[in-house]
Amino acid sequence: MGSAVITARAAATFDPVGRSVATARAFVRDTLQGWGHSELVDDAVVLTSELVTNAVVHAGTQADVLCLRTEDGIRVEVGDRYPEREVPLQGTGMNLGGPDREGGRGLLLCAALASKWGVEYTPTLKQVWFQLDLPQRPVGTRVAGPVLPDGLLPVADGRIRVAVVQIDRTGAIASWNEDAEDLFGYAAEQVTGKPLTDFTAWPQTPGIGTGIAEALQMSRWEGSYGIQGKDGRVIPVYASHLRVRDNEGEPSTICLLVRDVDRAVLQTPQRQPSVDSPSGTSGDGRATDPFEVFIGSPAPDDLDGLLQRTVERARDMLDADSAFLLLATDDETELEVRATTGLPSARQRFARVPVEAGTGRYGSARMPAVHEDLTAVPGAVPLLNGTGMRSVVTVPLKVEGRLTGSLGVAAEASGRYTNEEALRLQFAADRIALAVESARLGELERLRRGSLSFLVEASDLLAGTLDRDQTLALMAQMTVPTLATWCAVYTIADQASDPYLSYVLHEDEERIDGLKALLARISPPDPVPTPGARIWNAPSEAAHQAALRTSMRSLGLSSTPHLTSGIGTTLATAAAVGGETVVLPLVARNRVIGMLTLGKPTDDHFRQEILELAEDLSRRAALALDNARLYSERMAISQSLQRSLLPPELPHVPNVEVEVIYRAAGEGNEVGGDFYDLFPIRDGAYGFAIGDVCGTGPQAAAVTGLARHALRLLAREGFGGPAVLERLNAAILDEGERSRFLTLLYGELWPQEDGSSILKIVCAGHPLPLRLRQDGTVTPAAEPQPLLGVMDDLELYEETITLDPGDVLLCVTDGITERREGTRMLGDDGLAEVLSGCTGLTAGAVAARVLRAVERFAAEPASDDMAILVMRVPEPLQQ
């Protein structure tokens, strides 16, 4: 570029694939817009597109794009890795190609559009470059407007504060100027490094509009949102975002913020002809689109932006103090507030008013209406009640004769509008009605898609749990903040019970305790089974009264002494629940099992589509909650029955330590096919048993109950071990098809005066008991015999052993010995090795060490019941 001074540069490399062309166009467009050269963007993008296409499509190599900025213009260089292809040079008389040829058009366009262009070669690179000079314009002038009388200038406070906030590539605040501190109350060190989303109030309607995260990624963005101040209030702001990057290529976003009432400081002025021009032509004689004339070009691509632009243009067109736009519901019986300007608190967005507000033509939104003085007809325009507006003109928005909405402007002075202004506003409404309806239908389609995805995800989450408390938490978390600012779930145990406040959630966790306390003080909503949402005013009224009483006490106007430290919490709670509150019944199996309560903050309302979505969610949530209730009841019954199969507390056996560990396999099972028991038979004698019924779960538990109770009864009748097991075998076989075979170790224990213990044992098909002596040797303590429940005639015998002081007897079920990890199994030998290291340990320590070894043997959870019974004869105490 000769001696020109380069003031900025940007470079990127694009792979040899077709999509790289679009990426390169976006790169050049964003770079030039970031440099403030939007007037050169179109030509630069066209030239870049052709040259990158030649590189990545025709040459099949990477494309290196370099943008350079000087004081006089910009230069773009596109290089590829295919230098052997010849390129005709300027002034050689060679044909650059024709418009209809696929090759050579990039150079033809360079010759036509660029101030300068050329081709440079290196041994490994071919580079085509072009230069675009800046157009001549007055120094310092970017946009200018006409000279206006002082009375027509935008109104702003005497001291305008412009907050400058820089956001880094992660969305965190990198810088925060003094005006930002004054506007929002936070010092720079309090917000630096925190995400901007922590302080923004952005619409959360699913599937609708652009979020703050997306807005921060755009090269330019301009619009309104809210910033939550340090005092908790949301401050409406008008913002202008510009995405830039530093010399090292690190991107960030510069945000200029002013209060929404001062938006004229930042808002880009419209450059289209006045809407009052009847010619339908622009200043240079070209035909103009009526819609673009009114809205301005480019038109917002989302419904909220389009409606907001509409009310602002309508207000400016009639020099009004405020304007509003309402959209009709599908049945055309109500109008929903969708956009306002100049009205306090966004004037209850999504609030609904009837289409037919009164008798006569002026009471219907279907006809244009002019009210010279609203004080003479109170309530004629419900939206303006209490706003100070006196004169108003409203006109309908119609598409093919069908009412789709209503547009109105209002002024604080009376008598401002006549039929002439009504005709002008109606003319503008007719221009935009079709575009608004098209955008509304597009929004509804996106909302329906978002709602469908939301309901599918909600159904999956609700179906994934049968825990009642988790179901309640999921219900609340799915509604806040997607559908509402806060929610409360009431449950009803049975038809004779009153609703009970079971769960409360607010999008601001600091508000939950205050909200819960407020709802606990008021009566719950009536459990009406009628489907659909109904308004519930009790929370907002109670919060208002509590705030009023607290404020009076703080000012010393109340005779009731009370601490005023909670005034902040009380006022914050009142603001949190001051908007619309609705109740949806939770109906499952033709019974009201609870209510889902959704709420909005002060002056906020629910839109109809959100209520319909909430109704769909409530039906799914009610069924999930009832399923969780039924599951909990059945689980409680099952566990109660299972616990009845477990023996009561183990008796104290003189001079013998006893420890039992039991683990039933299967979720919710407290008892399975394994069982144990230890019980007194007669003076000085105790019976013990450990067994394993084939299978697990409730069916095996039934045989467990039969075996345990039969053992106790037969032993106490004086039968010996073999006789007890033979009679139990007959009882099992009598069960017929329900019978299951059973392995059982049964024995009788007699503690002796010399400190030893005598045991008589019968091992019917069960893993053999192991005896640990004081010297660390481990031996089986019985011989194997046939299991029970298979043969009619059994001949069993008992074996007698003596446990000396310090000896341990370990009895387990096969869930211990058959513990597997792949092809490995713990087995009898592995169990004996674990037991051999337990010399000198108490019975409890032996049982714990065995269980720990079994659990560590395999990573997977146990698939079989496990029982461990340890008996140890303690050594005599040394004198």
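Residues numbered from 1 in each chain as written. Predicted model: local features only at pLDDT ≥ 70, side-chain atom pairs only at ≥ 80, totals over all residues. Heavy atoms only, no water.

## Examining the overall build of the protein chain
The secondary structure content of the protein chain amounts to 19 helices and 34 strands. By the burial criterion, 46% of the 879 residues in the protein chain qualify as buried. A separation of at least 24 residues holds for 61% of the contacts in the protein chain among residues at least 6 apart in sequence. Of the accessible surface of the protein chain, which amounts to about 43,500 Å², a share of 50% is contributed by carbon and sulfur atoms. (Helix = DSSP H or I, 4+ residues; strand = E, 2+ residues; numbered from the N terminus. Buried < 20%, exposed > 50% of the residue type's maximum accessible area, 1.4 Å probe, protein only. Contact = heavy atoms within 4.5 Å. Areas by Shrake-Rupley, 256 points an atom, 1.4 Å probe, with all protein chains shown as cover.)

## A closer look at the nonpolar core
Grouped together as the largest cluster of nonpolar side chains are 49 residues, with contacts concentrated most on Met475, Leu519, Leu586 and Leu598. Within the residue set of this core, elements represented by two or more residues are helix 9 (419-463), helix 10 (468-479), strand 18 (486-491), strand 19 (500-506), helix 11 (512-521), strand 21 (581-588), strand 22 (591-599) and helix 14 (608-643). Sort the elements by how many residues they give to this core and helix 14 lands first, with 9 residues. Non-local contacts of Leu519, meaning those with residues more than four positions away in its chain, are made with Trp486, Ala488, Tyr490, Leu501, Val504 and Pro539. Phe14, Trp35, Leu40 and Trp117 belong to the second-largest nonpolar core, a separate cluster that totals 33 residues. (Core = buried A, V, L, I, M, F, W, Y, C linked by side-chain atoms within 4.5 Å.)

## Some details on the confidence of the model for the protein chain
Looking at the protein chain, pLDDT values average 80 and 83% of them are 70 or higher. Within the protein chain, no element has a lower average pLDDT than helix 7 (residues 290-295), which sits at 60, and none a higher one than strand 31 (residues 808-812), at 95. This stretch, residues 85-104, has a pLDDT under 50; its non-local contacts, to residues over four places away or in other chains, come to 28 contacts. In the model, residues 204-209 has pLDDT below 50 throughout and makes 14 contacts with residues more than four positions away in sequence or in other chains. (pLDDT = per-residue confidence, 0-100.)

## Considering the packing of aromatic side chains
Taken as a whole and judged by the stated rule, the model has 6 aromatic pairs. Judged by centre distance (5.9 Å) and plane angle (40°), the ring pair of Trp221 and Tyr225 falls under tilted. Taken individually, Trp221 and Tyr225 each receive the classification buried, so the pair is uniform in this respect. Their ring planes at 80° and their centres at 6.3 Å tell us that Tyr490 and Trp536 sit as a pair that is edge-to-face. Pair noted here: Tyr490 is in strand 18 and Trp536 is in the loop between strand 20 (534-535) and helix 12 (538-554), with a separation of 46 residues, a long-range link. On the basis of relative accessibility, which here comes to 11%, the residue Trp536 falls in the buried class. Lying over the aromatic face of Phe857, Arg824 brings its terminal NZ or CZ to 4.4 Å of the ring centre. (Phe/Tyr/Trp six-rings, centres within 6.5 Å; stacked < 30°, edge-to-face > 60°. Lys NZ or Arg CZ within 6 Å of the ring centre and 35° of its normal.)

## Overview of the pairing of strand 5 (residues 126-133)
Most of strand 5 sits inside the fold, with 7 of its 8 residues counted as buried. Pairing of strand 3 (residues 73-80) with strand 5 involves 8 bridges; the strand directions are antiparallel. Across the sheet, residue Glu77 finds its bridge partner in strand 5, namely Trp129. Here 6 bridges tie strand 4 (residues 116-121) to strand 5, and the two strands are oriented antiparallel to one another. Looking at strand 5, one finds that Val119 is bridged to Val128. (Pairing = 2+ DSSP bridges.)

## Some words on the sheet that holds strand 22
One key point about sheets: their strands pair by backbone hydrogen bonds, in either a parallel or an antiparallel sense. The 5 strands lie next to each other as 19-18-22-21-20, forming an open sheet whose pairing is antiparallel. Sheet topology places strand 19 and strand 20 at the edges, where each strand pairs with a single neighbour. As paired elements, strand 20 and strand 21 share 2 bridges and run antiparallel to each other. Paired with Ile535 across the bridge in strand 21 is Val582. Contacts between helix 11 and the sheet are confined to strand 18 and strand 19, with strand 19 contributing the most and set at about 150° to the helix. (Axes fitted to C-alpha atoms, helices over the stretch in contact; angles between N-to-C directions.)

## Observations regarding the sheet that holds strand 11 (residues 251-259)
Taken in spatial order, the 6 strands make up an open sheet running 7-6-11-10-9-8, and their pairing is antiparallel. Of all strands in the sheet, those bounded by a partner on one side alone are strand 7 (173-176) and strand 8 (200-201). Here 2 bridges tie strand 8 to strand 9 (residues 220-228), and the two strands are oriented antiparallel to one another. Looking across to strand 9, one finds that Thr200 is bridged to Ile227.

## Things to note about the packing of helix 18 (residues 827-836) against helix 19 (residues 843-857)
Interaxial distance between helix 18 and helix 19 falls to 10 Å at its minimum, and their mutual angle equals 135°. Classified by the interaxial angle, the pair formed by helix 18 and helix 19 is oblique. Between helix 18 and helix 19 the crossing geometry is right-handed. Across the interface between the two elements, Leu831, Val834 and Leu835 from helix 18 touch Val846, Arg849, Val850 and Ala853 from helix 19. (Parallel < 35°, antiparallel > 145°, perpendicular 65-115°, else oblique. Left-handed = near helix turned anticlockwise from the far one by under 90°.)

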